[in-house]
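An overview of the molecular structure
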Amino acid sequence: MMKKLLWTLCLAALLMGAARAETTVVCSFYPVRVLAENVLADVPEVRLETLAPAGTGCLHDFQLLPGDLRALDGAACLIINGAGMEDQFLPLLRREMPALPLVDCSAGIALTEDDHGVNPHVWLNALNAGQMALNMGEGLAALLPESAEKITANAAAFAARMQALHDELTAELAGLASRDIVTFHEAYPYFAAEFGLNVVASVTVEPDEAPSPRMIAETVERIRAYPRCPLFSEPGAATDALSVIARETGQPVYELSPITDGNGAADDYEAAMRRNADTLKQALSGD
Ligand SMILES: [Zn+2]
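Here the residue numbering is sequential within each chain, running from 1 through the sequence in written order. Two thresholds apply to this predicted model, a pLDDT of at least 70 for residue-level local features and 80 or more for giving and counting side-chain atom pairs, whereas whole-chain, interface and lining totals are computed over all residues. The basis for every side-chain value is the complete set of heavy atoms in the structure, and neither hydrogens nor water enter the calculation.

Regarding the overall build of the protein
- Each helix and strand in the protein was counted, giving ten helices and ten strands.
- Dimensions of the protein, computed from the C-alpha atoms along their principal axes, are close to 85 × 40 × 35 Å.
- Note on exposure labels: buried denotes an accessible area under 20% of the residue type's maximum, exposed denotes more than 50%, and partly exposed covers the range between, all computed with a 1.4 Å probe on protein chains only. Relative to its 287 residues, the protein shows a buried fraction of 48%.
- Any two residues whose heavy atoms approach within 4.5 Å are treated as being in contact. Of the contacts formed within the protein by residues at least 6 apart in sequence, a portion of 67% connects residues at least 24 apart.
- For the area figures, the Shrake-Rupley method with a 1.4 Å probe applies, and any residue is considered shielded solely by the protein chains shown. Surface summary for the protein: the accessible area is close to 14,000 Å², and the carbon and sulfur share equals 55%.
- For the protein, the distance from the average position of its 19 positive side-chain charges to the average position of its 39 negative side-chain charges is 6 Å. Each helix is a run of DSSP H or I of at least 4 residues and each strand a run of E of at least 2, with the numbering of both proceeding from the N terminus. Think of it this way: Lys and Arg go in the positive column, Asp and Glu in the negative one, and His and the chain ends go nowhere. Positions of charges follow a simple convention, taking NZ of Lys, CZ of Arg, CG of Asp or CD of Glu.

What to know about unusual backbone geometry
- With phi around 65°, Glu45 is a residue other than glycine that occupies positive phi space.
- Along the polypeptide, Glu45 turns up in the loop between helix 2 (30-39) and strand 2 (46-50).
- Owing to a relative accessible area of 30%, Glu45 belongs among the partly exposed residues under this scheme.

Focus on the packing of helix 6 (residues 148-172) against helix 10 (residues 268-284)
- In this description, a line fitted to the C-alpha atoms serves as the axis of each element, helices being fitted only across the stretch in contact, and the angle between N-to-C directions of two axes falls anywhere from 0 to 180 degrees. Interhelical geometry of helix 6 versus helix 10 gives an angle of 10° and a closest axis separation of 10 Å. Classed by the angle they form, the pair helix 6 and helix 10 counts as roughly parallel. Side by side, helix 6 and helix 10 meet where Arg161, Met162, Leu165, Glu168, Leu169 and Glu172 of the first sit next to Tyr269, Glu270, Met273, Arg274, Ala277, Asp278 and Lys281 of the second.
- The classification used treats Ala, Val, Leu, Ile, Met, Phe, Trp, Tyr, Cys and Pro as nonpolar, Asp, Glu, Lys and Arg as charged, and all other residues, Gly among them, as polar. Among the residues forming the contact of helix 6 with helix 10, the class breakdown is six nonpolar, no polar and seven charged. Oblique is the label for every angle not falling under 35 degrees (roughly parallel), over 145 degrees (roughly antiparallel), or within 65 to 115 degrees (roughly perpendicular).

Side note on the coordination of the zinc ion
- Listed donors are limited to N, O and S atoms within 2.8 Å of the metal, widened to 3.2 Å for Na, K and Ca; water is not among them, so incomplete-looking sites are possible. Donor atoms from the polypeptide that coordinate the zinc ion comprise Cys58 (SG), His60 (NE2), His121 (NE2) and His185 (NE2), at 2.0 to 2.2 Å from the metal.
- When the donors of the zinc ion are listed by position in the chain, the intervening gaps give C-x1-H-x60-H-x63-H. Linking His60 in the loop between strand 2 and helix 3 (66-72) with His121 in the loop between strand 6 (117-118) and helix 5 (126-143), this pair joins segments that are 61 residues apart in sequence.
- By relative accessible area, which is 14% here, His60 ends up buried.
- What makes His121 buried here is its relative accessible area of 2%.

Details of the state of the cysteines
- The definition used for a disulfide is geometric: two cysteine sulfur atoms within 2.5 Å. For the structure on display, the rule yields zero disulfides.
- Free cysteine Cys77: the closest other cysteine sulfur is in Cys27, separated by 8.0 Å.
- Taking relative accessible area as the criterion, Cys77 reaches 0% and is therefore assigned buried.

Details of the pattern of salt bridges
- One side-chain nitrogen of Lys or Arg within 4 Å of one carboxyl oxygen of Asp or Glu is enough to make a salt bridge. Tallied over the entire structure, the rule returns nine salt bridges.
- Overlapping salt bridges, with partners in common, bring together Glu22, Arg47 and Glu49 in one network.

Quick notes on the domain arrangement of the protein
- Segmentation of the chain into domains, including their bounds, is taken from an automatic or database domain assignment. What the domain assignment reports for the protein is domain 1 (22-104 + 112-168) and domain 2 (174-284).
- For domain 1 versus domain 2, the distance between C-alpha centres works out to 25 Å.
- Contact with domain 1, which involves 31 residues of that partner, is made by 29 residues of domain 2.
- By buried area we mean the combined loss of accessible area, with a 1.4 Å probe, across both parts when two parts are placed together. Roughly 2,500 Å² is buried in total at the junction of domain 1 and domain 2, and carbon and sulfur atoms are behind 55% of that figure.
- Looking only at domain 1, the three residues that lose the most surface to domain 2 are Tyr30, Leu124 and Leu165, adding up to 28% of its buried area.
- Joining domain 1 to domain 2, the criterion identifies two salt bridges.
- When the shortest N-O distance is used, the salt bridge between Arg274 and Glu168 registers 2.7 Å.
- Polar contact criterion, stated in full: a pair of N or O atoms within 3.5 Å, where within protein one must be able to donate a hydrogen and the other to accept it, and residues adjacent in sequence count only if both atoms are side-chain atoms. Between domain 1 and domain 2 we count 20 residue pairs in polar contact (both at pLDDT 80 or more) in total.
- When contributions to the side of domain 1 that touches domain 2 are tallied by element, the ones reaching two or more residues are helix 2, helix 5 and helix 6.
- Here the residues of the side of domain 1 that touches domain 2 sort into 14 nonpolar, twelve polar and five charged.

Here it is, written out as structure tokens:
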């Protein structure tokens, strides 16, 4: 009798396991992942994965490996930043896995163009991050209809938090003595627009690309027109060119995060934006 009951329990457990098969949702890189942690909070049976390993930074040079395609096989979707951030590997992915749904977070966001085309760093702006979460929520709700209500509510709650963050940081940065900055790579036009900063120059276009001596000289010349124009490095940045520019211009060096890495917590976006705002305050307050 006992044995029969045990078998029944085992069978029931097996069946429940099969019925509760997890859905895998893959994010292209860290900023998308942090947003997804919020949009999919408390949504059952979803496993989140991230394509780019920790330390990748932006995806400017990211190429897919065979293992990445295996990880995407059977996934419900790939969530991308869009705006060109994934352009290095999207053509290959579309060819290899034409049926994989893509959720584009930057759909409908006003994009900034510079000498190097559309700038993809849209997430470095709290209001954009809110819109990205709404886009993500819309895409995921369609793909996971049984959790649509929860996903939509999560996305709206995150967007509201982003509006609050924008208001908080805008107020915090209202009294800056100057607003001229030099950033490490060209990641901050949306951030600068949000807080009324003037990016005088960027040390390099993409983080892995060392600037030529001529580019460095031009940056030094441009900075000389500004009495106060602090330089902002990034975690893990190659600092050779930055050090030369700092030495030539006498400007101090601080660090801003492009939020392409972090502790993975759902509130890491807000924490990183607050740290960035604190750094700006330190660097640009009058004294
Ligand atoms: Zn970048």
